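# Observations on the model geometry
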Amino acid sequence: MAENELEKIQGWIRDHHEMFGSSIPLIASENVTSTPVKEAIVSDFSHRYAEGWPEERVYAGTKYMDKVELQCIDYAKDLFDVDFIDVRTISGVCSNLVTYTALTRPGDKMITSPISKGGHITMGPHKSPKTGIHIGGTAGSVHGLDVRYFEFDNEEMNIDPDKTAEKIRELEPDLCMFGASVFLFPHPIEEISDVAKEVDAKIAYDAAHVSGLIAGGRFQDPMEEGADIMSMSTHKTLPGPQHGMVAATEEHAEDVKSATFPSMVSNHHLHNVAGLTVALAEFKKYGEDYVDQVIDNSQALGEALSERGFDVVAEHKGYTKSHILLVDITNLKDTIGLGKDVEQRLEKANIILNRNLLPWDIQEDRHFENPGGIRIGTSEITRLGMKENEMEPIAEYMKRILMDEEDPEKVQEEVSEFRSDFQDVHYCFESSKKAHEYIEIGK
Ligand SMILES: *Cc1c(COP(=O)(O)O)cnc(C)c1O
């Protein structure tokens, strides 16, 4: 009986691995780790506590964990060219809570991006003015911030620097929070930082999505452009395990340290710190080549989709300067449907991406459950070794399923066949294991 239960659970996990191993994974917030990273994650570090700063812990048995964490900090400081970084936050959400705790008090005013314009749930207010949902975003619900919004330019797909500067002068917020989940172009921090300083507002930057692009030197450098704190996830464009990091100027270093511990974490997922350390060592060696290819791929996929009649947002700006594309699929409304329908139809062909609000969806009465857009990311397919040439067949599969209304289950066979040539993880230390292989360690 017990054995069967185990087989049942492992069966589901194996099925998941098999599904991902024959799919085209295009979720912009996801990536796949190398085998040495996976090995670190299943190590004994996953059973341990090490509260406090390395070499100043309030737990015993941490000698080697300290060495790893100090190495992690060194790599991260070097990659992000910062003097201070805390690698203990266990996720991007946790990193943003550390930012809020270090820079604000409940009741303070924060100006940021709304979800409809790329903002993340962690930036949201307690009660959504649009949906009326109580206990909404992290900033309002967990930290009591009074959330206001940047002015957004739909044409430019970016924060409008002039209108936003005006609004900041008028509102006098305590914190300006940049960064986003739909993040096509670098945010205008430099343009806005002067007026932020005039009104004594702090500047934070949420690099959850773009931390890898920043470390690879292919996006903006927020700390150089005036941010006080930069929060991150370590598993989106930075291909590490699910974890977080928070970089800060010297001035805010001590506050970030104590906002992390004892405020936000007790155990800090030491196995993921170990995995992250390996991932950063890999990134130092392969990161620049990797992010170059990620961005080349997203731009090539934008072009390939556009050529096939898809309305890829920001065409006049070359679609994107990141790993993300946003596609307006409202022209499919009468045939396939909207974002949710498109997402589900593609999933039947093992093309995995997600629905997303367009900046103008709310005005046009569309809702996050079935919005007018889809979001596409090229981080994971690039790790699998795909280059510009592979973007054509991917766009073609999407066209056949969505425009020509071919049966997605038929197309799925071709998708699996296509994917069979891309089974290894690239831009990392070598291993004989496949990217989405289920690795048995029990036998
Ligand atoms: C993904 C994301 C987060 C949350 O990151 P987790 O690591 O999943 O907690 C925070 N902010 C932004 C902008 C994100 O896109």
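Residues numbered from 1 in each chain as written. Predicted model: local features only at pLDDT ≥ 70, side-chain atom pairs only at ≥ 80, totals over all residues. Heavy atoms only, no water.

A full pass over the atoms with the stated rule returns nine aromatic pairs. Between the aromatic rings of tyrosine 49 and tyrosine 59, the centroid separation amounts to 5.2 Å while the plane-to-plane angle is 10°, which identifies the pairing as stacked. Residue tyrosine 49 is found in the loop between helix 2 (35–41) and helix 3 (63–80), and its partner tyrosine 59 is found in the loop between helix 2 and helix 3; the two are separated by 10 residues along the sequence. Using a relative accessible area of 36% as the deciding quantity, one classes tyrosine 49 as partly exposed. Under the relative-accessibility criterion, tyrosine 59 is labelled partly exposed at 37%. Here tyrosine 397 and phenylalanine 418 contribute two aromatic rings whose centre-to-centre distance is 5.8 Å and whose plane-to-plane angle is 70°, an arrangement assigned as edge-to-face. Of this pair, tyrosine 397 sits in helix 13 (residues 388–402) while phenylalanine 418 is found in helix 14 (residues 408–419), placing the two residues 21 residues apart along the sequence. In this structure, tyrosine 397 and phenylalanine 418 share a single accessibility class: buried. Joined through ring pairs, the aromatic side chains of Phe183, Tyr205 and Phe219 make up one cluster. One Lys or Arg, lysine 317, reaches over the ring of phenylalanine 185 and ends 4.0 Å from the middle of that ring. (Phe/Tyr/Trp six-rings, centres within 6.5 Å; stacked < 30°, edge-to-face > 60°. Helix = DSSP H or I, 4+ residues; strand = E, 2+ residues; numbered from the N terminus. Buried < 20%, exposed > 50% of the residue type's maximum accessible area, 1.4 Å probe, protein only. Lys NZ or Arg CZ within 6 Å of the ring centre and 35° of its normal.)

The next point concerns the sheet that holds strand 11 (residues 311–312). Strand order in the open sheet formed by four strands is 11-12-15-14, and the pairing between neighbours is antiparallel. Taken across any chain shown, the strands that pair with only one partner, and hence form the sheet edges, are strand 11 and strand 14 (354–356). Bridging between strand 11 and strand 12 (residues 324–328) involves two bridges; their strand directions are antiparallel. Looking at strand 12, one finds that aspartate 311 is bridged to aspartate 328. The sheet contacts of helix 11 (residues 339–347) involve strand 14 and strand 15 (373–377), and relative to strand 14 the element is tilted by about 165°. (Pairing = 2+ DSSP bridges. Contact = heavy atoms within 4.5 Å. Axes fitted to C-alpha atoms, helices over the stretch in contact; angles between N-to-C directions.)

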